[in-house]
Amino acid sequence: DAGQKEFVGVRSFDVGRALLKQNFSLAVDLIMEGRSSNVYNPTQEEMNTRQTWKTTKDARATLKEFPKNRNVMVRERDLMRGLLRYGDSLEAVKTVPHNTRTFWVHAYQSLVWNKVATERVRRYGIEPIEGDLYFKDSDSDVHVVTDPNTVNISQVVLP
């Protein structure tokens, strides 16, 4: 997905996909890879830290390279400490705050939803079609469109 922007640092949806696939070592690698230099201008210390991880996969050696400023690379530092403490990628990922882990998964969910919605509009336009899911104005239950003439596209929640 070369067209995807990296507004939030690492391509968060890639991390989310790795987490959902339970490929925790890949998730660690993606997080340690960091932001593109096209988006962020890392310090030499940050580049050294990331390069040490990339070439050694040694959490102890990588921790020694971290910037002295503890407000920089906080998630990455948590991961390396988790790897040292638990020796397991899943347990290391669990040391990152829950809201951050949830954000990564939601980023991937958003990417998937946007791709599905885009394809639906490409194929069928922006009018409701049979099979769409929608909310009726009168309740919060989800219904299936059986007669597209009775539903407004603004009611559709899942194409």
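Predicted model only: the values in this text are computed from it and were never measured. (Residues numbered from 1 in each chain as written. Predicted model: local features only at pLDDT ≥ 70, side-chain atom pairs only at ≥ 80, totals over all residues. Heavy atoms only, no water.)

> Tell me about the nonpolar core, and please be specific about residues and values.
V15, L19, V28, W53, L79, M80 and L83 are the most contacted members of the largest nonpolar core, which has 21 residues in total. Of all the secondary structure elements, the ones that give two or more residues to this core are α1 (12-20), α2 (24-33), α5 (74-86), α6 (89-93) and α7 (98-124). With sequence-adjacent residues up to four places away left out, M80 is seen in contact with V28, M32, W53, A59, T62, L63 and F66. (Core = buried A, V, L, I, M, F, W, Y, C linked by side-chain atoms within 4.5 Å. Buried < 20%, exposed > 50% of the residue type's maximum accessible area, 1.4 Å probe, protein only. Helix = DSSP H or I, 4+ residues; strand = E, 2+ residues; numbered from the N terminus. Contact = heavy atoms within 4.5 Å.)

> Any details on helix α3 (residues 44-56)? Residues and values, ideally.
The first and last C-alpha atoms of α3 sit 18 Å apart over 13 residues, in line with the 18 Å expected at 1.5 Å per residue. Inspection of α3 places E46, T49, R50, T52 and W53 among the buried residues, and these make up the whole buried set. Across the axial projection of α3, the buried residues extend over an arc of 155°, all falling on one side. Exposed side of α3, more than 90 degrees from the buried face: K54 and T55 are the residues found there. Looking at the buried side of α3, the elements it contacts are α2, α4 (59-65) and α5. Just downstream of α3, K57 is the residue with a positive phi angle, here 55°. (Expected span 1.5 Å × (residues − 1). Arc of directions from axis to C-beta.)

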